[in-house]
Amino acid sequence: MKQAEPTDLLVQLRELEPVVEENLNRHLATAKEWFPHEYVPWSEARDFDGVLGGEAWEPGQSKLSEVARISLIVNLLTEDNLPSYHHEIATVFGRDGAWGTWVHRWTAEEGRHGIAIRDYLLATRAVDPVALERARMAHMEGGFRNSYEGLIEPIAYVSFQELATRVSHRNTGTASGDPVCEQLLARVAADENLHMVFYRNLLSAAFDLAPNQAMRAVTRVASTFQMPGHTIENFGRKSVQIAKAGIYDLRLHHDDVLVPVLRQVRAFDRSLSGDGEAAREELATYMADLDAQASRFVERREAHRARAAV
């Protein structure tokens, strides 16, 4: 008789801890130390008005396009909610053993991202510093809450989310047209990629441990996925602008985020039964619908660009 899948959270944490330890060791051996201050063009910086009596900020001081600045600010504000992310992930994973070691290491590495991006934006006068600080306060006061249940759903979410963040950072760097910005965000994206690999390997192990539960978790997360910064003020409007610029859109979300993770964890190749198989069929339908939506969006965007070029 086939052994029942473990459903108890503590049992799943114990069963998956060897995988966490193995991937933690792999991560520590792979991750490269880097320093945010080395990626910031400090020679471009000067005092702002206010306490030090410097020069007031003006929009014309930025050499970045509007959409590049919007994307950078969205990415930064997303990174700023790290204290809430740490709380949520530590609540699920715990603070002991390999799980806890990973949580703290992940948090420390993520902390560099907000530091580096904010320093770049302020040193190059790419943003209004007052508006940026007010946006940070408002976003962090709202916090972030994990909307998923158990252990496997949060693992599935961070597997997709880390890859989505990597794509967003890399493409924002390219869109900036500034080699310094592109180099910085490529460095940040490299961190995000390693984090994604960690979580994706853990998700694959969750499929090995409890394939039907993992399939249900992946289906729920994929079909309800939202970026962690979705509570940023005017996030919907900003997301549309970012999508129109090709920085992050439905096509990228489908092709470069969902599909690679699903392929690597062999979601469509697993032996399933009952509600696990039903969940997989639901996921297949969702992916087909998303693919169609992505194609329609790209067609509309290209048609609009063609008209604008005439």
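Rules of the game
Residues numbered from 1 in each chain as written. Predicted model: local features only at pLDDT ≥ 70, side-chain atom pairs only at ≥ 80, totals over all residues. Heavy atoms only, no water. Helix = DSSP H or I, 4+ residues; strand = E, 2+ residues; numbered from the N terminus. Rg over C-alpha atoms; globule rule 2.2 N^0.38 Å. Buried < 20%, exposed > 50% of the residue type's maximum accessible area, 1.4 Å probe, protein only. Contact = heavy atoms within 4.5 Å. Areas by Shrake-Rupley, 256 points an atom, 1.4 Å probe, with all protein chains shown as cover. Lys, Arg positive; Asp, Glu negative; His and termini not counted. Charge placed at Lys NZ, Arg CZ, Asp CG, Glu CD. Axes fitted to C-alpha atoms, helices over the stretch in contact; angles between N-to-C directions. Parallel < 35°, antiparallel > 145°, perpendicular 65-115°, else oblique. Left-handed = near helix turned anticlockwise from the far one by under 90°. Nonpolar A, V, L, I, M, F, W, Y, C, P; charged D, E, K, R; others polar. Core = buried A, V, L, I, M, F, W, Y, C linked by side-chain atoms within 4.5 Å. Salt bridge = Lys/Arg side-chain N within 4 Å of Asp/Glu carboxyl O.

Draft legend 1. Highlighting the overall build of the protein. Counting secondary structure elements, the protein contains 11 helices and 0 strands. Secondary structure of the protein in N-to-C order comes out as α-α-α-α-α-α-α-α-α-α-α. Expected size for 310 residues packed as a compact globule is a radius of gyration near 19 Å; at 21 Å, the protein falls within 12% of this value. Split into buried and exposed, the 310 residues of the protein put 50% on the buried side. Across the protein, every contact between residues at least 6 apart in sequence was considered, and the portion connecting residues at least 24 apart equals 83%. Of the roughly 14900 Å² that the protein leaves accessible, carbon and sulfur atoms contribute 53%. In the protein, the 34 positive side-chain charges and the 45 negative ones have mean positions that sit 4 Å from each other.

Draft legend 2. Representation of the packing of helix α4 (residues 97–123) against helix α7 (residues 179–209). Interhelical geometry of α4 versus α7 gives an angle of 160° and a closest axis separation of 11 Å. With respect to α7, the axis of α4 lies roughly antiparallel. Judged by the sense of rotation from one axis to the other, the crossing of α4 with α7 is left-handed. For the pair α4 and α7, contact is made by Trp99, Trp102, Trp106, Glu109, Glu110, Arg112, His113, Ala116, Ile117 and Tyr120 and by Val180, Cys181, Leu184, Leu185, Val188, Asp191, Glu192, His195, Phe198, Tyr199 and Leu202, respectively. Considered class by class, the residues forming the contact of α4 with α7 number 14 nonpolar, 2 polar and 5 charged.

Draft legend 3. Structural view of the nonpolar core. Judged by nonpolar contacts, the single largest core of 82 residues is most densely connected at Phe93, Trp99, Phe160, Leu203 and Val218. Looking at this core, the element that brings in the most residues is α7, giving 13 residues. Among residues more than four places away in sequence, those in contact with Trp99 are Leu13, Leu16, Glu17, Val20, Phe93, Gly94, Leu151, Ile155 and Leu202.

Draft legend 4. Main features of the pattern of salt bridges. Inspection of every chain in the model, using the stated rule, returns 17 salt bridges. Across the pair Glu109 and Arg105 runs a salt bridge whose closest N-O atoms are separated by 2.5 Å. One end of the pair, Glu109, and the other, Arg105, are both in helix α4, 4 residues apart, so they sit about a helical turn from each other. With its nearest N and O atoms 3.2 Å apart, the salt bridge here joins Arg187 to Asp191. Here the residue Arg187 and the residue Asp191 both occupy positions in helix α7, the gap between them amounting to 4 residues, near one helical turn. Take Arg187 and Asp191: they sit in the same class, and that class is buried. Each of Asp249, Arg301, Glu302 and Arg305 takes part in salt bridges that share partners, so that together they form one network.

Draft legend 5. Spotlight on unusual backbone geometry. Residues other than glycine seldom take positive phi values, yet Arg125 does so here, at roughly 55°. Inspection of the secondary structure assignment puts Arg125 in the loop between α4 and α5 (129–142). Residue Asn234 is not a glycine yet carries a positive backbone phi of 60°.

Shape descriptors only; they carry no functional weight alone.
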